[in-house]
Amino acid sequence: IYPRLSYFNHTCVPNCCRFQQGIRNSILAIRDIDEGEELSISYIELDDATKERQETLVYFYHFICGYQIFHN
C-alpha cells in the first residue's frame, strides 16, 4: 500500500507518471505543469483500447472513466 500515491487522481491524459525503483516510488512530471494545475497520473496502461481501459478501471478501481483517447 502506498498511501501518498493514493492522493493522485487518475486521468487518461496525465501530467505525471509513477516511477518505481525497488520499493521506492517517485512521481515524475511528463510535461510542463501550469501553476495551480492538479497533478495526475494514469492508474492503468494507456496503450490499451478504450473499452479495455474502462473495464480495468471499473474492475480494479470501481469507477467509470469517460475520457476516450488513443485506440477506440
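Residues numbered from 1 in each chain as written. Predicted model: local features only at pLDDT ≥ 70, side-chain atom pairs only at ≥ 80, totals over all residues. Heavy atoms only, no water.

**Student:** Hey, could you go over the state of the cysteines for me, with residue numbers and the actual values?
**Tutor:** Taken as a whole, this structure holds zero disulfides when the rule is applied. Cysteine 17 carries a free sulfur, and the closest cysteine sulfur to it, the one in cysteine 16, is 7.5 Å from it. Taking the relative accessible area as the measure of exposure, cysteine 17 reaches 31% and is therefore partly exposed. (Disulfide = S-S within 2.5 Å. Buried < 20%, exposed > 50% of the residue type's maximum accessible area, 1.4 Å probe, protein only.)

**Student:** So what's going on with the pattern of salt bridges? Residues and values would help.
**Tutor:** Following the criterion strictly, the structure yields two salt bridges and no others. Linking glutamate 37 and arginine 31 is a salt bridge whose minimum nitrogen-to-oxygen distance equals 2.6 Å. In this structure, the salt-bridge partner of glutamate 55 is lysine 51, at a minimum N-O distance of 4.0 Å. Here the residue glutamate 55 and the residue lysine 51 both occupy positions in helix 1 (residues 50–61), the gap between them amounting to four residues, near one helical turn. Using a relative accessible area of 59% as the deciding quantity, one classes lysine 51 as exposed. (Salt bridge = Lys/Arg side-chain N within 4 Å of Asp/Glu carboxyl O. Helix = DSSP H or I, 4+ residues; strand = E, 2+ residues; numbered from the N terminus.)

**Student:** A description of the environment of arginine 53 should follow, citing residues and the corresponding values.
**Tutor:** Relative to the elements of secondary structure, arginine 53 occurs in helix 1. The class for arginine 53 is buried, based on a relative accessible area of 1%. As a C-alpha pair, arginine 53 and cysteine 12 span 41 residues in sequence and 9.0 Å in three-dimensional space. Here the side chain of arginine 53 touches aspartate 48 through a polar contact of 2.8 Å, landing on its backbone oxygen. (Polar contact = N/O pair within 3.5 Å; in protein donor to acceptor, adjacent residues only side chain to side chain.)

**Student:** Describe helix 1, listing the residues and the values that go with them.
**Tutor:** With 12 residues, helix 1 ought to run about 16 Å at 1.5 Å a step, and its terminal C-alpha atoms sit 16 Å apart, in line with that. For helix 1, the set of buried residues is Thr50, Arg53 and Leu57. Each buried residue of helix 1 sits inside an arc of 65 degrees when the element is viewed along its axis, so together they form one side. Exposed side of helix 1, more than 90 degrees from the buried face: Lys51 and Tyr59 are the residues found there. Turning to helix 1, the residues buried within the fold contact strand 1 (9–10). After helix 1 finishes, the residue histidine 62 shows a positive phi value of roughly 65 degrees. (Expected span 1.5 Å × (residues − 1). Arc of directions from axis to C-beta. Contact = heavy atoms within 4.5 Å.)

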